[in-house]
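Residue-level structure breakdown
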Amino acid sequence: MRQSRLKAPKEWPVAYYHCVSRVVDRRFVFEKEEKRRFVELMRFYERFCQVQVVTFCVMSNHFHLLLEVPQRPQVMPSEEWLIGHIKGCFGEAMAGVVAEQIRQFRQVGADGAAAEVIQGWFSRMWDVSQFMKTLKQRFTQWFNKHHERRGTLWEDRYKSTMVEGGPAALGIMAAYIDLNPVRAGLVKDPKDYPWSGYGAAVAGASRAGRGLAIVANCLAQRELRPAEVLALYRQMLYVAGNAGDDLSIQLRREAGTQKAGLHNDEVTKVHAQGGKLTLQEMLRCRVRYFTAGAAVGSREFVNAVFDSARGRFGATRIEGARPMRGADFMGLCSCVICKSA
């Protein structure tokens, strides 16, 4: 029996998750129409499930989401609110069906059954697993119908990493996601990829802009105007995604097709760095911290996650936090669940 997914303790007011899911056999099935429909469904269930997509990136065979998930209310909203929410998301007909179902149960004295209907709807909200499950299922249904196919679309369970809601962790994770198309060579400028949070925000998508504002406001330590959000976020992306001068870029391009020596300037730089990669270089690689870790953040944050789920980690571990190595990650730590735990 597989373990339930690691989630933030219930008392936390908000939690952030980096979620990744890949297409079965890593097939490249996401074309323009598929990406458009995925984003539509993502936005629909983002609203219904009461979560916030901070940023995202839909690639040809996988997607990344950075999600903000508020704490489930200790006192649930009213039944009237629920019916109104269903109406706003699914339409008047669906809201009418649910309201009538509840009314009929109460009419025959089955108050418990009426409460179960209400709870069933609320259970789908304020929960990362429910959001991801619903989004992937609904997209699979659309995809299979659209392409006249059957069967599973996704490679496995989605992977999730808890992210601290501070400027360093949120900024690095958001940059990692929005720079995916640049690392893959699809675009030179991240603003030119419309199926990402940054690209959508530049194109005028207000919900994408509100997501990026979470990161930018955190970085600036104040509430920014929309234009300031995009300006600050772009600066952060370009610092994170700096690939070097024209000569360095040309050498990397040539190295992919024929043997090429290392430029003396690069050799000197690597020597001066003691062989360590910069944060900018690390963000252009597929690093396990962003996709396989249980949590990313300060030592205190990671250890809090570790302590909240102690049984999932190896019995000999005293502390969960491990420094993120290989670059200047600004003191961030990570932890990975022991496979045998």
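Residues numbered from 1 in each chain as written. Predicted model: local features only at pLDDT ≥ 70, side-chain atom pairs only at ≥ 80, totals over all residues. Heavy atoms only, no water.

Moving on: the overall build of the protein. Along the backbone of the protein there are 15 helices and seven strands. Of all 341 residues assigned to the protein, the portion counted as buried reaches 46%. At a minimum sequence separation of 6, the contacts of the protein that also span at least 24 residues come to 70%. (Helix = DSSP H or I, 4+ residues; strand = E, 2+ residues; numbered from the N terminus. Buried < 20%, exposed > 50% of the residue type's maximum accessible area, 1.4 Å probe, protein only. Contact = heavy atoms within 4.5 Å.)

On to the pairing of strand 3 (residues 62-70), then. Of all the nine residues making up strand 3, eight are buried; the element is thus mostly covered by neighbouring parts of the structure. Of the strand pairs in this sheet, strand 1 (residues 14-22) and strand 3 are connected by nine bridges, and their pairing is antiparallel. Counterpart to His 18 in the pairing with strand 3 is Leu 66. Where strand 2 (residues 52-58) lies against strand 3, six bridges are found, and the strand directions are antiparallel. The residue of strand 3 that forms the bridge with Thr 55 is Leu 66. Between strand 2 and strand 3, which pair antiparallel one after the other, the connecting turn spans three residues. (Pairing = 2+ DSSP bridges.)

With that out of the way, let us pick up the side chain of Asp 189. On the secondary structure map, Asp 189 appears in the loop between helix 7 (180-183) and helix 8 (197-202). By relative accessible area, which is 11% here, Asp 189 ends up buried. Polar side-chain contacts of Asp 189 include one of 2.5 Å to the side chain of Arg 234. Sequence-distant contacts of Asp 189, defined by excluding residues within four places in its chain, comprise Val 182, Arg 234 and Tyr 238. (Polar contact = N/O pair within 3.5 Å; in protein donor to acceptor, adjacent residues only side chain to side chain.)

This part is about the sheet that holds strand 1. With respect to topology, seven strands assemble into an open sheet ordered 2-3-1-4-5-7-6, the strand pairing being mixed. Because the sheet does not close on itself, it has two edges, and the strands there are strand 2 and strand 6 (322-323). Where helix 9 (residues 206-220) meets the sheet, its contacts fall on strand 1, strand 2 and strand 3, and the angle it forms with strand 2 comes to roughly 110°. (Axes fitted to C-alpha atoms, helices over the stretch in contact; angles between N-to-C directions.)

This part covers the pattern of salt bridges. Going through the model one piece at a time under the given rule, you end up with 14 salt bridges. Linking Asp 127 and Lys 7 is a salt bridge whose minimum nitrogen-to-oxygen distance equals 2.9 Å. Taken as a pair, Asp 127 in the loop between helix 4 (111-122) and helix 5 (128-147) and Lys 7 in the segment before strand 1 lie far apart in primary sequence, 120 residues in all. For Lys 7, a relative accessible area of 29% corresponds to the partly exposed category. Two residues, Arg 207 and Glu 46, come together in a salt bridge whose shortest N-O distance is 3.0 Å. Of the two residues, Arg 207 is situated in helix 9 and Glu 46 in helix 1 (residues 32-48); the sequence distance between them amounts to 161 residues. For Glu 46, a relative accessible area of 3% corresponds to the buried category. (Salt bridge = Lys/Arg side-chain N within 4 Å of Asp/Glu carboxyl O.)

The tally for this structure, following the rule as stated, stands at 19 aromatic pairs. Ring geometry for Trp 81 and Phe 122: centres 6.2 Å apart, planes at 15°, overall stacked. Remark: Phe 122 occurs in helix 4 and Trp 81 occurs in helix 2 (residues 79-90); sequence separation between them is 41 residues. For the pair Phe 139 and Phe 143, a centre-to-centre distance of 6.0 Å together with 35° between the ring planes defines the contact as tilted. Of this pair, Phe 139 and Phe 143 are both found in helix 5, four residues apart, which corresponds to roughly one turn of the helix. Using a relative accessible area of 5% as the deciding quantity, one classes Phe 143 as buried. Members of the aromatic cluster, joined through ring pairs, are Phe 30, Phe 38, Phe 63, Phe 139, Trp 142, Phe 143 and Trp 154. We note Arg 124 situated over the ring of Trp 121; from NZ or CZ to the ring centre the distance is 5.0 Å. (Phe/Tyr/Trp six-rings, centres within 6.5 Å; stacked < 30°, edge-to-face > 60°. Lys NZ or Arg CZ within 6 Å of the ring centre and 35° of its normal.)

As a rule of thumb, nonpolar side chains are buried together in soluble globular proteins. In terms of nonpolar packing, the biggest core is built from 95 residues, with Leu 65, Leu 67, Phe 131, Met 132, Phe 139 and Met 162 touching the most fellow members. Examining the composition of this core, we find that eight residues originate from one element, helix 6 (residues 167-178), more than from any other. Dropping the residues within four chain positions of it, Phe 131 is found in contact with Met 42, Tyr 45, Glu 46, Cys 49, Val 51, Leu 65 and Leu 67. (Core = buried A, V, L, I, M, F, W, Y, C linked by side-chain atoms within 4.5 Å.)

Before going further, it helps to examine helix 4. Given a rise of 1.5 Å per residue, twelve residues ought to cover 16 Å, and the 17 Å separating the end C-alpha atoms of helix 4 matches this to within 8%. The set of residues buried in helix 4 consists of Ala 114, Val 117, Ile 118, Trp 121 and Phe 122. An end-on view of helix 4 places all buried positions within 140° of arc, on one side of the element. On the buried face of helix 4, the contacting elements are helix 1, helix 2 and helix 3 (92-107). (Expected span 1.5 Å × (residues − 1). Arc of directions from axis to C-beta.)

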